[in-house]
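So the chains spell out like this:
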Amino acid sequence: MKFSDEQSVAYCLRQYNEYFEYGHLTPEMLAGRTMLEYGPGDNVGVGLLFIAAGIRYYAATDKFDAIRDVEKERRIYQKLREGLTDDAARKRFDAAVDLSQGIVFNPERVKCVYGVGAEDADTQFKEPFDFLISRGVLQEIYEGEKLFTSMDKLLKPGGWMLHKVDHRDYGLFNANGFPALEFLTVSEGIYQLMAKKSDRPARRLMNYYRDQMRTRGYRGILYKAYLIADYHHANPNEIIPHKAELVKDVDYTSEHEKMIRDIRPRLVEPFRSLPEGDLLVAGTFQVAQKPPFSADGPPAAAKF
């Protein structure tokens, strides 16, 4: 799908604003810090916005080098800059990229690495980062343990991870008229044969990410961003604003519970044994801090 300049700018701003909202970020938390983004796609607009907000150094890594329209990319950055209302923010933006003749990034402020997936990003950077961010990336990486080991290496003590993760099947079953959780009814071996080489997700639900964080001693919150739905995956039930806890008859209904009851006997393990709350959620916004903990960010009492 080809997006207009306005749509691309709006998407960058939406990502940026969600990181601020659910990460409880402040200018003080960003000032002079470093950030790594996984899978930025065809532009690094989000990174430039963070630089304008105070991030000193932004890096990005992507397994794929997206087909780039350099002139469109330049227009996106120009529009993002035009939206900055603070002179200091504009100066920081201009110090990171020169748009006067094409796009020229300042290597002391911006670094992009293509052809390297998130699970191998620790091979590309010598120094760890204060923030790791991503949107719609982690669910596509099958080497989960390798991914989390790499991210842990790349995050400074006390640093933050902010990841939006999709737990759906990308329409593998759902778009063909099957229930939302049908993709959890086939064995892991069969699922990988069906999905792995077609860029489908690695079939990990909220519990997997929670357990990975707990194992490493992280604290944080898994905001519920989407609910399971009985229709095409392109039309998810998004929870706005995302919530740390769901309330029946406010966020979900008895129909959602029935969907889970009806399919649970056919689910394979470990999904069959998961609590209802984990099966209800089709996407999360994950906020996690590596120890030692500070008072910044989500409430100190929040733990996975």
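Let us look at the structure shown here. (Residues numbered from 1 in each chain as written. Predicted model: local features only at pLDDT ≥ 70, side-chain atom pairs only at ≥ 80, totals over all residues. Heavy atoms only, no water.)

## Focus: the overall build of the chain
Point 1. Secondary structure summary: the chain contains ten helices and ten strands in total.
Point 2. By the compact-globule yardstick of 19 Å for 304 residues, the chain fits well, its C-alpha radius of gyration being 20 Å.
Point 3. Projected onto the principal axes, the alpha-carbon positions of the chain cover approximately 60 × 40 × 40 Å.
Point 4. Relative to its full complement of 304 residues, the chain shows a buried share of 52%.
Point 5. Contacts in the chain between residues far apart in sequence, at least 24 positions, make up 74% of those at least 6 positions apart.
Point 6. As displayed, the chain has an accessible area near 14,200 Å², and 53% of this comes from carbon and sulfur atoms.
Point 7. Distance between charge centres in the chain, computed from 42 positive and 45 negative side chains, equals 2 Å. (Helix = DSSP H or I, 4+ residues; strand = E, 2+ residues; numbered from the N terminus. Rg over C-alpha atoms; globule rule 2.2 N^0.38 Å. Buried < 20%, exposed > 50% of the residue type's maximum accessible area, 1.4 Å probe, protein only. Contact = heavy atoms within 4.5 Å. Areas by Shrake-Rupley, 256 points an atom, 1.4 Å probe, with all protein chains shown as cover. Lys, Arg positive; Asp, Glu negative; His and termini not counted. Charge placed at Lys NZ, Arg CZ, Asp CG, Glu CD.)

## Quick word on the pairing of strand β1 (residues 34-38)
Point 1. Of all five residues that make up β1, five are buried, and the element is covered over most of its length.
Point 2. Covered by surrounding structure in β1 are Thr34, Leu36 and Tyr38 together with Met35 and Glu37, the residues of both alternating faces.
Point 3. When β1 meets strand β2 (residues 57-62), the two strands line up parallel, connected through five bridges. From the neighbouring strand, Leu36 faces β2, where its bridge partner is Ala59.
Point 4. For the crossover from β1 across helix α3 (residues 45-53) to β2, the handedness is right-handed.
Point 5. Relative to strand β6 (residues 129-135), β1 runs parallel, the two sharing four bridges. Counterpart to Glu37 in the pairing with β6 is Ile133. (Pairing = 2+ DSSP bridges. Right-handed = clockwise from strand over helix to strand, strands pointing away.)

## Topic: unusual backbone geometry
Point 1. Note that the residue after Glu269, namely Pro270, is joined by a cis bond; omega there is 10°.
Point 2. Note that Pro270 resides in the loop between α9 (254-263) and α10 (276-280).
Point 3. With an omega of 5°, the peptide bond between Pro291 and Pro292 qualifies as cis.
Point 4. Mapped onto the elements, Pro292 comes out in the segment after β10 (281-289).
Point 5. Of note, Asp199 is a non-glycine position whose phi angle comes to about 60°, a positive value.

## A word on the environment of Ala53
Point 1. Structurally, the position occupied by Ala53 is in helix α3.
Point 2. Taking the C-alpha atoms as reference points, Ala53 and Arg92, separated by 39 residues in sequence, lie 7.9 Å from one another.

## Considerations on the packing of aromatic side chains
Point 1. One pass over the structure, following the stated rule, counts 15 aromatic pairs.
Point 2. Pairwise contacts between aromatic rings join Tyr16, Tyr19, Phe20, Tyr22, Phe50, Tyr223 and Phe285 into one cluster.
Point 3. Positioned above the aromatic ring of Tyr226 is the side chain of Arg168, whose terminal nitrogen or guanidinium carbon lies 5.2 Å from the ring centre.
Point 4. Positioned above the aromatic ring of Tyr208 is the side chain of Arg204, whose terminal nitrogen or guanidinium carbon lies 4.8 Å from the ring centre. (Phe/Tyr/Trp six-rings, centres within 6.5 Å; stacked < 30°, edge-to-face > 60°. Lys NZ or Arg CZ within 6 Å of the ring centre and 35° of its normal.)

## Digging into the nonpolar core
Point 1. With 58 residues, the main nonpolar core has Tyr38, Leu132 and Leu181 as its most contacted residues.
Point 2. Discounting residues that sit within four places of it in the chain, Leu132 has contacts with Leu36, Tyr38, Met151, Leu154, Leu155, Trp160, Met161, Leu162 and His163.
Point 3. Counting 38 residues, the second-largest nonpolar core is a separate cluster that includes Leu48, Tyr58, Val110 and Leu162. (Core = buried A, V, L, I, M, F, W, Y, C linked by side-chain atoms within 4.5 Å.)

## Observations concerning the environment of Leu154
Point 1. Its place among the elements puts Leu154 in helix α6 (residues 144-154).
Point 2. Distance in space between the C-alpha atoms of Leu154 and Ile133 is 12 Å, their sequence separation being 21 residues.
Point 3. Excluding residues within four positions of it along the chain, Leu154 makes contact with Leu36, Tyr38, Ala121, Asp122, Phe125, Pro128, Phe129 and Leu132.

## Looking at the packing of helix α1 (residues 5-23) against helix α4 (residues 70-82)
Pairs of packed helices are described in terms of their axes, by the angle between the two and the distance that separates them.
Point 1. The contact between α1 and α4 brings their axes to 10 Å, and the two run at 55°. Of the possible angle classes, the one that applies to α1 and α4 is oblique. Crossing of α1 against α4: the hand is right-handed. Judged by residue contacts, Asp5, Glu6, Ser8, Val9, Cys12 and Leu13 of α1 engage Lys72, Arg75, Ile76, Lys79 and Leu80 from α4. (Axes fitted to C-alpha atoms, helices over the stretch in contact; angles between N-to-C directions. Parallel < 35°, antiparallel > 145°, perpendicular 65-115°, else oblique. Left-handed = near helix turned anticlockwise from the far one by under 90°.)

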